[in-house]
Each structure stands twice: as C-alpha cells, then as structure tokens.
Amino acid sequence: MPSYTAPTKDTQFLLHEVFKLTEADIPGYVELESDFTNAILTEAGKIASSLLQPLNQSGDQEGCGFEDGQVTAPNGFKEAFDEMKAGGWPGLDMPEAYGGQNMPNVIGTAVGEYFSAANQSFTMYQGLTHGAASAILAHGTEEQKQTYLPPMIQCTWTGTMNLTEPHCGTDLGLMRTKADPQEDGSYKISGQKIFISAGDHNLSENVIHLVLAKIPGGPDGIKGVSLFIVPKFMVNDDGSLGAHNGVSVGSIEEKMGIHGNATCVMNYDDSTGYLLGEAHKGMRAMFTMMNEARLGVAMQGLAQAEAAYQNSLAYAKDRLQGRAVTGAENPDGPADPLIVHPDIRRNLLDQKSFIEGGRAFLLWGAKLIDQAHRTGDAEAEGLISLLTPVLKGFLTDQGYDMTVQAQQVLGGHGYIEEWGMSQFTRDARIAMIYEGANGVQALDLVGRKLAQDGGKHLLGFFERVKTFCKENADLNEDYKTQFIDPLKAASKDLQAAAQFFMMNGMKNPNHALAGSYDFMHLFGHVCLGLMWADIAKTAQTALDSGQEDADFYNAKLTTGRFYMARRLPATALHLSRIQSGADPVMSLDADQF
C-alpha cells in the first residue's frame, strides 16, 4: 500500500525563509510565526497520513454506492469526515463571524495540499463546500449568509456548484435549466445538471447546491444566466431542516478516477431556489467560486505529484536492479538500488524539481490572493487574475505527467493496482479537465488575461522578473550563471511570444489561439524559474550565514540547478511553436483528418 508524509519542512521553508510571511504587510500575517504555523502544519500532516491516506486506496476500490436514489460514500469516509469537522479544519480560512478561524488563504492552501495528497476524493467534499460558501459570502444577502454559512463552514451542510448540462459544458450560454419567479421572491428551478462532484452523499445533513439557470425573458446567451441557492432539504426560519426539496440524483458516474467522490447527475423538478446576487449576473457570482476552485485544482495536480513522487522515490531506493555503470555501489548485495542509474535520477529530479518549484508557485499565488483580498491591492488582484489560468493549467498538466513518471520508476509494478501508483495518475487526470479544461485555460490566458487593463499586469510580471534579476545578479558568479542568466533567457522567450501575439493576433486571431497552449506552458516554466531563482537565493544566503542543516540548503541549490538546466529550456521549444503561427494547425481541411 502507498504511504504519504506531509512535506512540512519544505512548506515551512517557503513560508518563512522564502516568502517571509511575518514581514509582509498583509493583515493577519504578523501572527504567522514559525512555531504557530509549524503546529498547524504538523497536526494537518498527522491527519493526512493517519486518517485520510489509509482510506485513499480502499475508497478508490470501493467507490460510492447508489441505491434507491441515495448516494453513500465509501466505508470510513463518514467517520473521518466527522473527525475533520470536529477539528474545525473545513473553516480554517473562513471568517470568524460565521464560525471559521479566519486564517489567511496561504495557510488554507498549505493544509489543503496535504489533505488532497493523502486523499483527493475525500478532500473534495469539504473543498467544494468551501467554494460554495465563498460565493455566498461574496454575493449573498446578510440573511443568506446567516442561514447558510455557519453550517457550511462547519461542514454540517456541504455545498456544490452546478454548471454543466448534457448538451453544454464550456458554452454555458446554451444552458436550458430555467428559473421561474414566484410571488414570494423564490424561484422554481427545472432542469438537469451533470458532472456534479459531491452532488449527494451521506456525510452531511444537507447539501446546498449553487445552480446556474435562466430566468425566462432575460437576455440571450451567457448574459441571461443567474445563480441560485437550491438546498436539498428546505431550511426553516429557525435553521432546522424541513421538507425534501425537488432535487434528486438520477445516477452517479463511473469514472477513471476520484472513485471516492460521488459525481452525480442532478435533476431539478420545480425545486425551490433563491437568487444569489443579481439577476442575469450569475456568471460573476459563479466565478467567485470557479476562480477559487481553479486554484484548488492546481493544488490537486501538485498534491498528486507529491504523493506519487514519495512512493517512487522509496521504491527507487529499495529496489535492487543492475549495477551502476561506474562500478558497484552496493557490493555486498546482488545488485545496486535503482536510484544509482542516471535515467532514474533524471526521472526523480524531473518530479522533485517540479514539485518543489510548483509548491512555491502555488503558495505565492495564495499570498497574492491574501494581499488582494485583505488589503484591496489592485495590482495583486490583477496579477493573480493573470496567473490563475497558468497555475491551473500548468500545475495540473505537469502534475499528471509527474504521476506517470512516478509509475515508470516502478516498472511493471507501477501498472499493477496492488501497488497503488495508478490511482495517483487516474486521480490527477481529472484536474486537467474540470473547472475549465486546460485548453480553455490557455484561451482565457491569451484571449482575455494578457490584454486585461491594457496589458499592465503582464508588463508588471515582466518588470518583477527584471527587478529580481537586477537585484540578485551579484550574489555570486555561480548563482548568476546558473539561475539569473537562464531566468533572463526564459523571460525573453515569454516576451517574444507575447510580442508575436500582438503583431499577428489582430490580423488573424488564430495566430494567437493556435499558440495559446504553448504560451500557458511557457509562462508556467518562467514562473517556476522565478520561484527556483528565489529559492536558490534563499538557500545560498542561508549557507553563507552558517545556518544549520547545510544538506537541506545544498539539496535546494542542486535541485534548482537541475530545473534551470534541464526543464527551463523548454521555453525555447514553446516559443518556436508559437512563432510558427496558425498555418500548421489550421491548414488541414476538416474532412482530411
């Protein structure tokens, strides 16, 4: 059976040595002393490894049950969910006014990685509830907040988001679910939604669905979509539960992965719903949830890569196969461990360098969210808006790839279910699809985010990289050669790609859209290059000042050098593809495929 240990030391290093949380001018950060965050992360790590991880493989094998319209989670999930609720973990970074602990997003993100790595299917139940609660917090009336937020933050009630219909996914303007106004101010919701994660289960007393629907007579297309709160059980004035609403589960999907989370077909038959936010402005309200969910999905991609890496590393150190070409390294044994072989090391370093750089990227994104939401910083808001599709698309694509790499280390055992490695790959695969498929993330990045606010956020990112390189080029010559120079080159590739879009995209938008996926990955590599340059600077400074644990800091430098030398040069490949334009992509007639 696979195992998992939360990487608390690495998280602490990033929070306190790289990002220096307590020095950031963000409300709530001054309290985030190292001892305090260590206590939270250590306890979260214990829960992840002792409570959640043992249910991961069994939940995958058992799946969810569906009988007589009732959905049940795998054995052990309810008891674990009750324990999570008792510890207050679902409300870690939610407002105290509604029962949360008001921790910054950066702490919620760090903890969320551990829980997702240990058991992604389980963690989705509370993660989706968090997103639904955030949408109500941002757009609900005070009455709606008082009614729904306390039990949702405690996860006594859970939540979902309902967008997709059988005939429309990304193009939500085609939806048919309707909302008929009633004299009492409520609406009757009728329609069907599919792919609803955690749509129903036996873990909570009530399920609060956020449902996109159209009010008759509203604008056509996406401009006519509104968002509604539709509870599974009606809520009485005193907060108690009343009659069953007109909400039912038609079926649950059989999926490639995340078997422990119920993916439901939801039927709404004149169910009672309540408008959330303004009429015909549903997408604005839903995007509060979707943007949070996209960062949560980015975290899932990273988390599955971490879990898979830990198990492939353990196997590579233990499995004896062949001899090192430079001479036996385990002369008393029948063979050397796999980790002596260069290609296994290349594989493991691909994983390690992505995961540690990706964790920094994810936590930086969470810090930007805190900066934007807790201080009203418009620059931080613009930057995280620009980076959200990069975080989601790049970390989930690369995270999936790394779970495949981890499987490869185990050879044939990686393909056998007993060893559990395939579950990491199967669970990671969905992260590339839901909350906006990664091709859509790339289109959003190039089609909308680059030009947002006149392109100032992209220019601000370039200036951030330029300033970092200028301020740190003199750390030492090796650092300049191994980190600053590669980062500069990668950033120039990103600038050249953006320039190509500017010069050619107006004449033919396909020139930009055909290169959008490569641009998303090019951008992701530059972001990880920036993260590794910052990590390496921190590690080198710690070594120069005589800090203890030199092995840890030297390992950071060595891993960072690998990324800069072996992974970051991919920016040149992506740029070359982008500059080939749309013709190689669009010239083949449809009937020639």
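In this report, we go over the structure that sits alongside the text. (Residues numbered from 1 in each chain as written. Predicted model: local features only at pLDDT ≥ 70, side-chain atom pairs only at ≥ 80, totals over all residues. Heavy atoms only, no water.)

1. Some thoughts on the overall build of the protein
Moving on, step 1. Across its full length, the protein carries 19 helices and 11 strands.
Moving on, step 2. The globule rule puts the C-alpha radius of gyration for 593 residues at 25 Å, and the 24 Å found for the protein is close to it.
Moving on, step 3. Summarising its shape, the C-alpha atoms of the protein cover approximately 80 × 60 × 60 Å along the three principal directions.
Moving on, step 4. Counting only contacts in the protein whose residues sit at least 6 apart along the sequence, the fraction spanning at least 24 positions is 74%.
Moving on, step 5. Of the roughly 24400 Å² that the protein leaves accessible, carbon and sulfur atoms contribute 51%.
Moving on, step 6. Averaging the coordinates of the 45 positive side-chain charges in the protein and doing the same for the 72 negative ones gives two points 6 Å apart. (Helix = DSSP H or I, 4+ residues; strand = E, 2+ residues; numbered from the N terminus. Rg over C-alpha atoms; globule rule 2.2 N^0.38 Å. Contact = heavy atoms within 4.5 Å. Areas by Shrake-Rupley, 256 points an atom, 1.4 Å probe, with all protein chains shown as cover. Lys, Arg positive; Asp, Glu negative; His and termini not counted. Charge placed at Lys NZ, Arg CZ, Asp CG, Glu CD.)

2. So, the pattern of salt bridges
Moving on, step 1. Here the structure, examined in full by the defined rule, presents 26 salt bridges.
Moving on, step 2. When the shortest N-O distance is used, the salt bridge between Asp-200 and Lys-232 registers 2.9 Å. In this pair, Asp-200 sits in the loop between strand S5 (187-197) and strand S6 (206-214) while Lys-232 sits in the loop between strand S7 (225-231) and strand S8 (233-235), placing the two residues 32 residues apart along the sequence. Note on accessibility: Asp-200 and Lys-232 belong to one class, buried.
Moving on, step 3. Asp-370 serves as the salt-bridge partner of Arg-374, at 3.9 Å between the closest nitrogen and oxygen. Within this pair, Arg-374 and its partner Asp-370 are both found in helix H9 (residues 342-375), separated by 4 residues, close to a single helical turn.
Moving on, step 4. Accessibility expressed as a relative area gives 3% for Asp-370, which makes it buried.
Moving on, step 5. Members of the salt-bridge network, linked through shared partners, are Asp-10, Glu-113, Glu-306, Lys-352, Glu-356, Arg-359 and Lys-556. (Salt bridge = Lys/Arg side-chain N within 4 Å of Asp/Glu carboxyl O. Buried < 20%, exposed > 50% of the residue type's maximum accessible area, 1.4 Å probe, protein only.)

3. Some points on the side chain of Thr-158
Moving on, step 1. Tracing the backbone shows Thr-158 in strand S3 (residues 157-162).
Moving on, step 2. A polar contact is formed between the side chain of Thr-158 and the side chain of Ser-204, at a distance of 3.0 Å.
Moving on, step 3. Residues in contact with Thr-158, not counting those within four places in the same chain, are Phe-81, Tyr-125, Thr-129, His-201, Ser-204, Asn-206, Val-207 and Ile-208. (Polar contact = N/O pair within 3.5 Å; in protein donor to acceptor, adjacent residues only side chain to side chain.)

4. Overview of the packing of helix H13 (residues 456-472) against helix H16 (residues 516-544)
Moving on, step 1. The contact between H13 and H16 brings their axes to 11 Å, and the two run at 30°. As judged from the angle between their axes, H13 and H16 are roughly parallel. Note that H13 runs across H16; the crossing there is left-handed. Between H13 and H16, the residues in contact are Leu-458, Phe-461, Val-465, Phe-468 and Asn-472 and Phe-523, Val-526, Cys-527, Leu-530, Ala-533, Asp-534 and Lys-537, respectively. (Axes fitted to C-alpha atoms, helices over the stretch in contact; angles between N-to-C directions. Parallel < 35°, antiparallel > 145°, perpendicular 65-115°, else oblique. Left-handed = near helix turned anticlockwise from the far one by under 90°.)

5. Here's the deal with the side chain of Ser-271
Moving on, step 1. Tracing the backbone shows Ser-271 in strand S11 (residues 263-275).
Moving on, step 2. We classify Ser-271 as buried; its relative accessible area is 0%.
Moving on, step 3. Ignoring anything within four residues of it in the chain, the contact list for Ser-271 reads Tyr-187, Lys-188, Ile-189, Val-230, Asn-245, Gly-246 and Val-247.

6. Observations regarding the packing of aromatic side chains
Moving on, step 1. Evaluation of the coordinates by the stated rule reveals 17 aromatic pairs.
Moving on, step 2. On the basis of an interplanar angle of 25° and a centroid distance of 5.4 Å, the ring pair of Tyr-479 and Phe-483 is categorised as stacked. Here Tyr-479 pairs with Phe-483, and both are found in helix H14 (residues 477-504), just 4 residues apart, close to one helical turn.
Moving on, step 3. The exposure class of Tyr-479 is buried, given its relative accessible area of 2%.
Moving on, step 4. Take Phe-483: its relative accessible area is 1%, and that puts it in the buried class.
Moving on, step 5. Between Phe-552 and Tyr-553 the ring centres are 5.4 Å apart and the planes differ by 85°, which places this aromatic pair in the edge-to-face class. Across the pair, exposure class does not vary: Phe-552 and Tyr-553 are buried alike.
Moving on, step 6. Joined through ring pairs, the aromatic side chains of Phe-461, Phe-462, Phe-500, Phe-501, Phe-519 and Phe-523 make up one cluster.
Moving on, step 7. Taking the ring centre of Tyr-400 as reference, the NZ or CZ of Arg-429 above it sits at 5.7 Å. (Phe/Tyr/Trp six-rings, centres within 6.5 Å; stacked < 30°, edge-to-face > 60°. Lys NZ or Arg CZ within 6 Å of the ring centre and 35° of its normal.)

7. A closer look at the environment of Ile-433
Moving on, step 1. Following the sequence through the fold, Ile-433 ends up in the loop between helix H11 (421-429) and helix H12 (438-449).
Moving on, step 2. When its relative accessible area of 45% is taken as the criterion, Ile-433 is described as partly exposed.
Moving on, step 3. The spatial distance from the C-alpha of Ile-433 to the C-alpha of Gly-376 is 31 Å, given a sequence separation of 57 residues.

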